[in-house]
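Chain by chain, the residues run as shown.
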Amino acid sequence: MTSTAATSAPTSTNPFLIGQGLPPFDQFQPDQVEPAITELISDLTTALESLEQTMTSTWEGLAAPLTKISERLGWTWGVLGHLMGVKNSPELRAAYEAVQPALVQFATRLSQSKVFYNGFKQLAQATNLSSAQKRIVDAAIRDAELSGVGLEGAAKEQFNQIQQQLAELSTQFSNHVLDATKAFSLTLTTQEDIAGLPPSLLSLAAQAAREAGEETATAETGPWRITLDIPSYGPFLKHSRRRDLREKVYRAYISRASAGDLNNSPLIDKTLALRKQQAQLLGFETYADLSIARKMAPSVDAVEGLMEELRSASYEAASKELEDLKAFAKQQNAAEADDLKQWDIPFWAERMRETEFDLNDEELRPYFPLPKVLNGLFELASRLFGVTITAADGQAPIWHPDVRYFAIADANDNPVAYFYLDPYSRSAEKRGGAWMDECIVRAHTEPKNPVRLPVAYLVCNQSPPIDGKPSLMTFREVETLFHEFGHGLQHMLTQVDYPGAAGINNVEWDAVELPSQFMENWCYDRSTLFKMARHYETGAPLPEGDYQKLLAARNFMTGNAILRQVNFGWLDIELHSRYQPDGSDSIWDVRDRLSEKTTVLPPLAEDAFLCSFGHIFAGGYAAGYYSYFWAEVLSADAFAAFEEVGIDNEGAVQETGKRFRDTVLALGGSRHPMEVFQAFRGREPSTDALLRHRGLKVA
Ligand code: ZN
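Heads up: these notes are all about the structure in this document.

## Considerations on the overall build of the protein chain
For step 1, the next point in the chain: Within the protein chain, the secondary structure is distributed over 26 helices and seven strands.
For step 2, the next point in the chain: Relative to the 2.2 N^0.38 estimate, which gives 27 Å for 699 residues, the radius of gyration of the protein chain is 25 Å and therefore close to what a compact globule would have.
For step 3, the next point in the chain: On the principal axes, the C-alpha backbone points of the protein chain span a range of 80 × 60 × 55 Å.
For step 4, the next point in the chain: Each of the 699 residues in the protein chain was classed as buried or not, and the buried ones make up 56%.
For step 5, the next point in the chain: When the accessible surface of the protein chain is split by element, carbon and sulfur atoms take 50% of a total near 28,600 Å².
For step 6, the next point in the chain: The centroid of the 65 positive side-chain charges in the protein chain is displaced by 2 Å from the centroid of its 93 negative side-chain charges.

## Details of helix α5 (residues 131–146)
For step 1, the next point in the chain: If you check α5, its first and last C-alpha atoms are 22 Å apart, about what 16 residues at 1.5 Å a residue would give, namely 22 Å.
For step 2, the next point in the chain: Turning to α5, its buried residues number three or more, namely A132, Q133, R135, I136, V137, A139, I141, A144 and L146.
For step 3, the next point in the chain: The elements touched by buried residues of α5 are α2 (59–86), α3 (90–111), α4 (114–123), α6 (153–183), α11 (287–292) and α25 (673–681).
For step 4, the next point in the chain: At the C-terminal side of α5, G148 shows a positive phi close to 90°.

## Remarks on helix α12 (residues 300–331)
In an α-helix, one turn spans 3.6 residues, which is why side chains three or four residues apart end up on the same side.
For step 1, the next point in the chain: Given a rise of 1.5 Å per residue, 32 residues ought to cover 46 Å, and the 45 Å separating the end C-alpha atoms of α12 matches this to within 8%.
For step 2, the next point in the chain: At S314, α12 shows its largest kink, close to 35°.
For step 3, the next point in the chain: Count one or two residues on from α12 and you reach N333, which has phi positive near 60°.

## Thoughts on the coordination of the zinc ion
By definition of the ideal shapes, four donors in a tetrahedron about a metal sit 109.5 degrees apart, and six donors in an octahedron sit 90 or 180 degrees apart.
For step 1, the next point in the chain: Protein coordination of the zinc ion is provided by H483 (NE2), H487 (NE2), E513 (OE) and E513 (OE), with donor distances spanning 2.1 to 2.7 Å.
For step 2, the next point in the chain: Here the zinc ion binds four donor atoms, and the angle range of 52 to 139° at the metal identifies the geometry as irregular.
For step 3, the next point in the chain: Each donor residue of the zinc ion belongs to the same chain, and together they define the spacing H-x3-H-x25-E. Here H483 is found in helix α16 (residues 475–492), whereas its partner E513 is found in the loop between α16 and α17 (514–520), with 30 residues between them in sequence.
For step 4, the next point in the chain: Its relative accessible area of 9% is what places H483 among the buried residues.
For step 5, the next point in the chain: For E513, a relative accessible area of 4% translates into the label buried.

## Remarks on the pairing of strand β1 (residues 185–188)
For a regular strand, side-chain orientation follows a simple rule: the groups alternate between the two sheet faces.
For step 1, the next point in the chain: Residues of β1 alternate between two faces, with L186 and L188 buried on one and S185 and T187 left unburied on the opposite face.
For step 2, the next point in the chain: Sheet topology places β1 next to strand β2 (residues 224–227); four bridges connect them, and they run antiparallel. For L188, the partnering residue across the bridge sits in β2 and is W224.

## Focus on the packing of helix α23 (residues 627–645) against helix α24 (residues 650–667)
For step 1, the next point in the chain: For the pair α23 and α24, interaxial distance at closest approach is 9 Å and the crossing angle is 155°. Between α23 and α24, the crossing angle belongs to the class labelled roughly antiparallel. Classified by chirality, the crossing of α24 by α23 is right-handed. Judged by residue contacts, A638, A641, F642 and V645 of α23 engage A652, V653, T656, G657 and F660 from α24.
For step 2, the next point in the chain: For the contact of α23 with α24, a count of residues per class yields seven nonpolar, two polar and no charged.

## Focus on the packing of aromatic side chains
For step 1, the next point in the chain: Tallied over the full model, the rule gives 45 aromatic pairs.
For step 2, the next point in the chain: The interplanar angle of 55° and the centroid separation of 4.9 Å between the aromatic rings of Y405 and Y420 together place this pair among those described as tilted. With a gap of 15 residues between them, Y405 in strand β4 (residues 404–409) and Y420 in strand β5 (residues 415–424) connect regions that are remote in the sequence. The pair Y405 / Y420 is uniform in exposure class, with both members buried.
For step 3, the next point in the chain: Clustering of aromatic rings is evident, with ring pairs tying together F16, F25, F28, W399, Y405, Y418, Y420 and Y457.
For step 4, the next point in the chain: Positioned over the ring face of Y253 is R256, at 4.0 Å from the centre of the ring.

## Details of the pattern of salt bridges
When the charged atoms of two side chains with opposite charge come close together, those side chains can pair.
For step 1, the next point in the chain: Inspection of the entire model under this criterion finds 52 salt bridges.
For step 2, the next point in the chain: In this structure, the salt-bridge partner of R246 is E336, at a minimum N-O distance of 3.6 Å. Here R246 is found in helix α9 (residues 243–254), whereas its partner E336 is found in the loop between α12 and α13 (345–357), with 90 residues between them in sequence.
For step 3, the next point in the chain: The class for E336 is buried, based on a relative accessible area of 12%.
For step 4, the next point in the chain: In this structure, the salt-bridge partner of E446 is K448, at a minimum N-O distance of 3.7 Å.
For step 5, the next point in the chain: What makes K448 exposed here is its relative accessible area of 69%.
For step 6, the next point in the chain: When salt bridges with common partners are traced through the structure, they connect R243, R246, E336 and D344 into a single cluster.

Conventions adopted
- Residues numbered from 1 in each chain as written.
- Predicted model: local features only at pLDDT ≥ 70, side-chain atom pairs only at ≥ 80, totals over all residues.
- Heavy atoms only, no water.
- Helix = DSSP H or I, 4+ residues; strand = E, 2+ residues; numbered from the N terminus.
- Rg over C-alpha atoms; globule rule 2.2 N^0.38 Å.
- Buried < 20%, exposed > 50% of the residue type's maximum accessible area, 1.4 Å probe, protein only.
- Areas by Shrake-Rupley, 256 points an atom, 1.4 Å probe, with all protein chains shown as cover.
- Lys, Arg positive; Asp, Glu negative; His and termini not counted.
- Charge placed at Lys NZ, Arg CZ, Asp CG, Glu CD.
- Expected span 1.5 Å × (residues − 1).
- Contact = heavy atoms within 4.5 Å.
- Bend = angle between axes of the 7 residues up to and from the residue.
- Donors = N, O, S within 2.8 Å, 3.2 Å for Na, K, Ca; no water.
- Tetrahedral: all angles 85-135°; square planar, octahedral: opposite > 155°, others 65-115°.
- Pairing = 2+ DSSP bridges.
- Axes fitted to C-alpha atoms, helices over the stretch in contact; angles between N-to-C directions.
- Parallel < 35°, antiparallel > 145°, perpendicular 65-115°, else oblique.
- Left-handed = near helix turned anticlockwise from the far one by under 90°.
- Nonpolar A, V, L, I, M, F, W, Y, C, P; charged D, E, K, R; others polar.
- Phe/Tyr/Trp six-rings, centres within 6.5 Å; stacked < 30°, edge-to-face > 60°.
- Lys NZ or Arg CZ within 6 Å of the ring centre and 35° of its normal.
- Salt bridge = Lys/Arg side-chain N within 4 Å of Asp/Glu carboxyl O.

If you want it as structure tokens, here you go:
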């Protein structure tokens, strides 16, 4: 991109101010944050004010220079946000909190500019805009309206104050969850304590003990430290034969951030009340209505309609699964069979799965070493989308020695994109979960200049390499990697020239999981799976029997799995629509009422999972958690297009893959998601494929 006066390169040597290109991850220090942000905000405010004076209502006179301003802000804020996620520290956190108000204030100033808003309204009348440009202009108008551009005086002030408070509440919420997760650990010292635990968990727990100062801890001799991080917590509940310890760990998990200094409950009340006020200032009745205004779903009713369809399709199945589980536990002479508690469900479900399918997550790990899984994933990308992925380590600075860097090239061997992969769990400094984020967004706004190639961050929290072995992944971890890679593909294979609609930008939130959930399906595809599932020592392929079992077990307890997500999604919508923050009901009353129809085992009275529900209180999913299902309707139906032409029909698969690449992956936010879907599928989406894939409907 060419440089203009408004965005001239900063003279400072502060790495947070570089403003473009690959971030120099070997140079960032927390004490650079405050001076950088102060300087940046001051520069950008000048640029913004000058643009307000000089702008004309044309693409070149408004949208283009404004993009440059927001990209400079986005670069620094993006790097900072990324470091908060993968290299968190008390110093960085303090610096982030110190600069957050100024950043929010600037973003608000930008989004509430009446001059730009009026400019965009005029620009929207222009007849020479491409579809991408038109969508960007429309989004700018809508976002300005939803950011309060129409508010005056006291209302505007109140709105802005709410924005600021909400940002602080969200940061506090997520810090509390992080701290509460770190605050608990269970140290095991005897063979009795570790009864049932698989070797991989013992290795992880011994490593955690060493990190906590038990220098002599080993997988064989202990001590073993169990934590509430998912790679530790999940397997512990599935495998520990000590019911008392399972209960202890389970109770710790569900009560995270629900008491004392880290209590998120008051934060939730405040957040919901503020969101409602904010929505009403903008003329919406509820926050859910405000949220849906930016979504593919047409209304809250449509969302609840989908929730009810899924609930009624899964409730009976879920009840029966629980009965089957009790019967199974009884057969195994479990004392608790008649009174299975929450901390027994994962344990007995895992035993039943082992018995019915003779399948154990742990036994499959040796067949999924990360390097082989990556090869398989990259071959699939090549087969479906005609791209080649190669290691490019050393071509970009990284933030941790475990981070990898890769290049993607097209069929003519021209580079089209790059990505970082940060695969392993590092609980001391890394947020839990997995995500894809943008590092650099594709842009080609000056025909004479080369395309600015996209770069993605793929971040997972899978089992790290231990005791000299590569990272041996659970099948679920493999699916997660495919999922994030799917997001990455949409970011990296976009063909949109304008950053505002390239990749995942300007894609409606409830459609954004289409490519990611689509990719997960391929983990079950025979040819994909057998290419990657190779024993890490012997190179032997996954035994055919195990593959058959994986397929058979795919929908094990499917009713419960769906119902659980329906419960989360519906509760989120309910709290953001009907719930009255100042009324007589508490959030827990709402939770209990909804649980009657969306759970088969009612939550414990002290279950405070809302206090760690970061998706809706510290992420972007507020009144949007339903999006996973909304997008799964799309992703399942998209995968069904491959099934229809025959998943082993190589020519047809490649042709369909190319069409997927040219529509869903290439068009990104440049068209409405319904239009993009129809361009790929030739019709509107249907829920049939989702219900069939999830085992709730026969083919
Ligand atoms: Zn996702």
